[in-house]
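Listed here are the chains, written in short residue letters.
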Amino acid sequence: MTPKRGAEQPGSSEQASKPKECLSCRVMGTGVLAGTGSYAIWQTRAVAPGSPGQKKIVAGLGLG
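All of these numbers come straight from a predicted model, not from anything done at the bench. All residue numbers refer to positions counted from 1 along the written sequence of the respective chain. Per-residue local features are limited, in this predicted model, to residues with pLDDT of at least 70; the limit for side-chain atom pairs, both in listing and counting, is 80 or more; totals at the level of whole chains, interfaces and linings are taken over all residues. Think of the side-chain values as coming from all heavy atoms in the structure, minus any hydrogens and water.

Draft legend 1. Geometry of the overall build of the chain. For the chain, the helix and strand inventory stands at three helices and zero strands. Under the DSSP-based scheme used, a helix requires at least four consecutive residues in state H or I and a strand at least two consecutive residues in state E, with every element numbered from the N terminus. Each helix and strand of the chain, ordered N terminal to C terminal, gives the series α-α-α. Every one of the 64 residues in the chain was classed for burial, and the buried ones make up 8%. About 5900 Å² of surface is accessible on the chain, with carbon and sulfur atoms providing 63% of the total. Residue burial is assigned from relative accessible area. The probe radius is 1.4 Å, only protein chains are included, and a residue is buried under 20% of its type maximum, exposed over 50%, and partly exposed in between. Surface accessibility follows the Shrake-Rupley procedure with a 1.4 Å probe radius. Residue values consider only the protein chains on display as shielding.

What follows is the structure, given as structure tokens:
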């Protein structure tokens, strides 16, 4: 017996509430996050300005 159209199925409300993202949105989001993390890690270099404590915080943000 097949379910009728519009009938509630377990898990269907969870899927309906999630917005679908297009491929270009995923690619751009991944690129932005990777770039931000790379920049944060770049700022932890020894010659970059800032105290050692600040660099540890920035490194944690870049890796997290």
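Next comes the rest of the description.
Draft legend 2. Fine view of the UniProt feature "domain: Distal membrane-arm assembly complex protein 1-like" (unreviewed entry) in the chain. Those residues carrying the UniProt feature "domain: Distal membrane-arm assembly complex protein 1-like" (unreviewed entry) are residues 21–60 in this numbering. Between the C-alpha atoms that bound residues 21–60 there is a distance of 28 Å. The span itself is 72% helix and 0% strand. UniProt positions are given in the numbering used here, feature names are shortened, and annotations may be inferred rather than shown by experiment.

Draft legend 3. Structural detail: the side chain of lysine 55. Its place among the elements puts lysine 55 in helix α3 (residues 52–63). Using a relative accessible area of 14% as the deciding quantity, one classes lysine 55 as buried. Whenever two N or O atoms come within 3.5 Å, that pair is a polar contact, provided that in protein one can donate a hydrogen and the other can accept it, and provided that, for residues adjacent in sequence, both atoms are side-chain atoms. There is a polar contact of 2.8 Å between the side chain of lysine 55 and the backbone oxygen of alanine 48. The residues contacting lysine 55, other than those within four sequence positions of it, are Gln43, Thr44, Arg45, Ala46, Val47, Ala48, Pro49 and Gly50. Contacts were defined at the residue level, with two residues in contact if any of their heavy atoms lie within 4.5 Å.

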